[in-house]
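Survey of secondary and tertiary structure
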Amino acid sequence: MSPEERNERLVAMVKEHLDTRADALDDRTAARLRSIRLQAVESAEGKRGWFRFPRWIAVGGFATAAVAVLAVSLWMTGPRRESAVATADDIEIVAAQEQMQFYEDIEFYRWLAAQENGG
């Protein structure tokens, strides 16, 4: 027996059991269920109006709005700017503290070189 046949057999058994139980309901319970079902159907029919859209229209509108926001945001972004530091050598000079110390004391080193050359 295939799984589909088992499922069909189970559905048939459940349906038969539920039909049997529904037929065994007393008149008061059956009338009450009928009344509740009628109220639910009338309530569902009364909710339709001018502003009631099918679900596919609402989902389509949301998808259209999302695509529009994405397109505008991509269109409004400017071109990417290049970084101020162009090469790895420039990054190394800026990042190294030792190099910064050298540039801060460069006048001293020039004076020292002049003293050694002149003296």
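The rules we used
Residues numbered from 1 in each chain as written. Predicted model: local features only at pLDDT ≥ 70, side-chain atom pairs only at ≥ 80, totals over all residues. Heavy atoms only, no water. Helix = DSSP H or I, 4+ residues; strand = E, 2+ residues; numbered from the N terminus. Buried < 20%, exposed > 50% of the residue type's maximum accessible area, 1.4 Å probe, protein only. Areas by Shrake-Rupley, 256 points an atom, 1.4 Å probe, with all protein chains shown as cover. Patch = residues over 30% accessible without salt bridge, like charges linked within 9 Å, V, L, I, M, F, W, Y side chains within 5 Å. Salt bridge = Lys/Arg side-chain N within 4 Å of Asp/Glu carboxyl O. UniProt positions renumbered as here; feature names shortened; annotations may be inferred. Phe/Tyr/Trp six-rings, centres within 6.5 Å; stacked < 30°, edge-to-face > 60°. pLDDT = per-residue confidence, 0-100.

What about the overall build of the protein chain?
Per the secondary structure count, the protein chain includes six helices and zero strands. Walking the protein chain from its N terminus toward its C terminus, one meets helices and strands in the order α-α-α-α-α-α. Looking at the protein chain as a whole, 0% of its 119 residues are labelled buried. Per element, the accessible surface of the protein chain, about 12,100 Å² overall, is 59% carbon and sulfur.

Some points on a nonpolar patch on the surface
Residues F102, Y103, F108, Y109, W111 and L112 make up a contiguous nonpolar surface patch of roughly 620 Å² in combined accessible area. Residue assignment for the nonpolar patch shows that the elements contributing at least two residues are α5 (97–104) and α6 (106–118). When residues of the nonpolar patch are assigned to their parent elements, the largest contribution, four residues, is made by α6. By the secondary structure assignment, F102 is in helix α5. Its relative accessible area of 37% is what places F102 among the partly exposed residues.

Notes on the pattern of salt bridges
Evaluation of the coordinates by the stated rule reveals one salt bridge. Between E107 and R110 there is a salt bridge, with the nearest N and O atoms lying 3.5 Å from each other. A residue pair is termed a helical-turn pair when its members lie 3 or 4 positions apart in one helix, as E107 and R110 do in helix α6 at three residues. Here the two residues E107 and R110 agree in accessibility, since each one is exposed.

Let's talk about the UniProt feature "transmembrane region" (unreviewed entry) in the protein chain
Here the UniProt-annotated "transmembrane region" (unreviewed entry) positions come out as residues 56–76. Along residues 56–76 the backbone is 100% helical and 0% strand, and the end-to-end C-alpha distance reaches 30 Å.

Brief notes about the packing of aromatic side chains
Taken as a whole and judged by the stated rule, the model has two aromatic pairs. These aromatic residues form a ring-pair network of at least three members: F108, Y109 and W111.

Comments concerning the confidence of the model for the protein chain
Of the residues in the protein chain, 78% reach a pLDDT of 70 or more, and the chain-wide mean stands at 81. Confidence scores differ between elements of the protein chain, with helix α4 (residues 88–95) showing the lowest mean pLDDT of 70 and helix α1 (residues 3–23) the highest of 92.

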